Amino acid sequence: MRDTARTKDREQNADRLLRASARHSYDPMTEIDWDAPVDPDHFALPAHRVALYGTPLWAGLTPQQQARLSVHQFAASAAAGIWFELVLMEGLIRHVYDGDLTTRHAQYALTEVADECRHSTMFARYITATGYPSARVSARAQRRGKIHFLLNDTTMTFAGAIFVEEFTDAMQREMIRDEALQPLARSVARIHVVEEARHIGYAKPELERRWARMSPARKAVFRRGLVVLARLAVAELVHPRVYALSGLDAREARRAAAQNPHWQRTKVDWARKAMAFFTEIGVIDERTAPQWRRAGLLGAD
Ligand SMILES: [Fe+2]
Ligand SMILES: [Fe+2]
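Parameters and conventions
Counting restarts for each chain, with residues numbered from 1 along the sequence as it is written. Numbering of ligands from 1 and lettering of chains from A proceed in the order in which they are written. The predicted origin of the model limits local features to residues at a pLDDT of at least 70 and limits the giving and counting of side-chain atom pairs to 80 or more, whereas totals for whole chains, interfaces and linings rest on all residues. To obtain the side-chain values, all non-hydrogen atoms of the structure were used and water was disregarded. Coordination shells were defined by N, O and S atoms within 2.8 Å of each metal, extended to 3.2 Å for Na, K and Ca; water is absent from the atom set, which can make sites look incomplete. Per the convention used, a helix needs a DSSP run of H or I reaching at least four residues, while a strand needs a run of E reaching at least two, with both numbered from the N terminus. Using a 1.4 Å probe on the protein chains alone, a residue whose accessible area is under 20% of its type maximum counts as buried, one over 50% counts as exposed, and one in between counts as partly exposed. Cavities and pockets were defined on a 1 Å grid built from protein atoms only: a cavity is a group of points that admits a 1.4 Å probe but offers it no way out, a pocket is an open group of points flanked by protein on both sides within 12 Å along at least five of seven lines, and a lining residue is one with an atom within 4 Å of any such point. Grid points are joined across faces, edges and corners, and a volume is the space filled by probe spheres set on the points. Residues were grouped as follows: Ala, Val, Leu, Ile, Met, Phe, Trp, Tyr, Cys and Pro as nonpolar; Asp, Glu, Lys and Arg as charged; and all remaining residues, including Gly, as polar. To qualify as a nonpolar core, a set must consist of buried Ala, Val, Leu, Ile, Met, Phe, Trp, Tyr and Cys residues joined through side-chain atoms within 4.5 Å. Whether two residues touch is decided by their heavy atoms; if any such pair falls within 4.5 Å, the residues are in contact. Take the residue count of a helix, subtract one, and multiply by 1.5 Å to get its expected span.

### Some points on the coordination of the iron ion (ligand 1)
The coordination sphere of the iron ion (ligand 1) contains the protein donors Glu 85 (OE), Glu 116 (OE), His 119 (ND1), His 192 (NE2) and Glu 196 (OE), at a distance range of 2.0 to 2.3 Å. Considered as a linear motif, the donors of the iron ion (ligand 1) on their single chain read E-x30-E-x2-H-x72-H-x3-E. The distance between the iron ion (ligand 1) and the iron ion (ligand 2) comes to 3.6 Å, with Glu 116 serving as a donor to both metals. Residue Glu 85 is located in helix α4 (residues 63-97), and its partner Glu 116 is located in helix α5 (residues 104-130); the two are separated by 31 residues in the primary sequence. Each member of the pair, Glu 85 as well as Glu 116, carries the same accessibility label: buried.

Structure below.
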């Protein structure tokens, strides 16, 4: 009986998301003017959200170099976005393969795959348009993605999606609000935010359902695995080549960013919604909260 109620909730939620997708979906290939010139003086991210903001290295850059650094940082986040979206799409396809495509739930999973296909292409176009040299993540993240394929852990895929999507959502909402930023970056952010809100609305109740059925032993392993995944995804936001492209020593810049209180605060701010949700449903408990704090994703309070 409870299972029937749960299935009904799941179907209703998926139906609502499918209707919203039919109303508000975008084709970035035609919505965005990819040929418009990119002004080198425009920041892609608010200055105080650039990893080096406020450090001596930052002070040593000209305003145009600072703007360039922000564009490279956002392009690196786009590359990280592509990486995660590919992992997520693979997980969703497997989820449908094991499921029943006559359900609205499975139909929405495929709709989400279609969204992510467009997003990854959009991010790649952004990377090309801004002259950032690669859409690839670090070798470490590349390997970790392959391990995720082998593990075939759908629940982890949903939890990872909530973390990455909430984090990106927070960053991109700030970009949409700031009218002084690069128009191309803001267009990318706007399309992404609208469609990702639905993905979050799909993943959250699904994780809750799966979490409720998980054994305590499995939960303990899962909690640790999720911190590792989240930490890796955030590290990819600023690939070392971002610094090298600005003529900085990548190792020195990385260290400066890691110790930068502005950047530390940024990561906590952007992770806040995911942390609140994981804490609410028990994915983060008193024993794992310190790990999230050490990862720089959960604030002290
Ligand atoms: Fe996406
Ligand atoms: Fe998504």
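### So, the coordination of the iron ion (ligand 2)
At this site the iron ion (ligand 2) is bound by Glu 116 (OE), Glu 165 (OE), Glu 196 (OE), Glu 196 (OE) and His 199 (ND1), with donor distances of 1.9 to 2.5 Å. The sequence pattern formed by the donor residues of the iron ion (ligand 2) is E-x48-E-x30-E-x2-H.

### Quick look at empty space enclosed by the protein
The final tally for this structure, using the stated rule, is two cavities of 30 Å³ or more. Along the walls of the largest cavity sit 23 residues, with Ser 77, Ala 80, Gly 81, Val 164 and Thr 168 positioned nearest its centre. Contributions of two or more residues to the lining of the largest cavity are made by α4, α5, α7 (154-177), α8 (183-213) and α9 (216-235). Of the residues assigned to the lining of the largest cavity, the class counts are 14 nonpolar, five polar and four charged. If you add up the space inside the second largest cavity, you get close to 40 Å³. Counting residues per element, the ones that place at least two in the lining of the second largest cavity are α4 and α7. Grouping the amino acids of the lining of the second largest cavity by side-chain chemistry returns no nonpolar, five polar and two charged.

### A closer look at the nonpolar core
Formed by 93 residues in total, the largest nonpolar core has its most connected members in Leu 52, Tyr 126, Phe 163, Met 275, Phe 278, Trp 292 and Leu 297. The element contributing the most residues to this core is α4, with 17 residues. For Met 275, the contacting residues outside a window of four places in its chain are Phe 163, Ile 284, Trp 292, Leu 297 and Leu 298.

### Some remarks on α5
Along its 27 residues, α5 runs 39 Å from first to last C-alpha, staying within 8% of the 39 Å computed at 1.5 Å per residue. Just past α5, the residue Gly 131 takes up positive phi, approximately 80 degrees.

So far we have only geometry, and geometry alone does not tell us how the molecule works.
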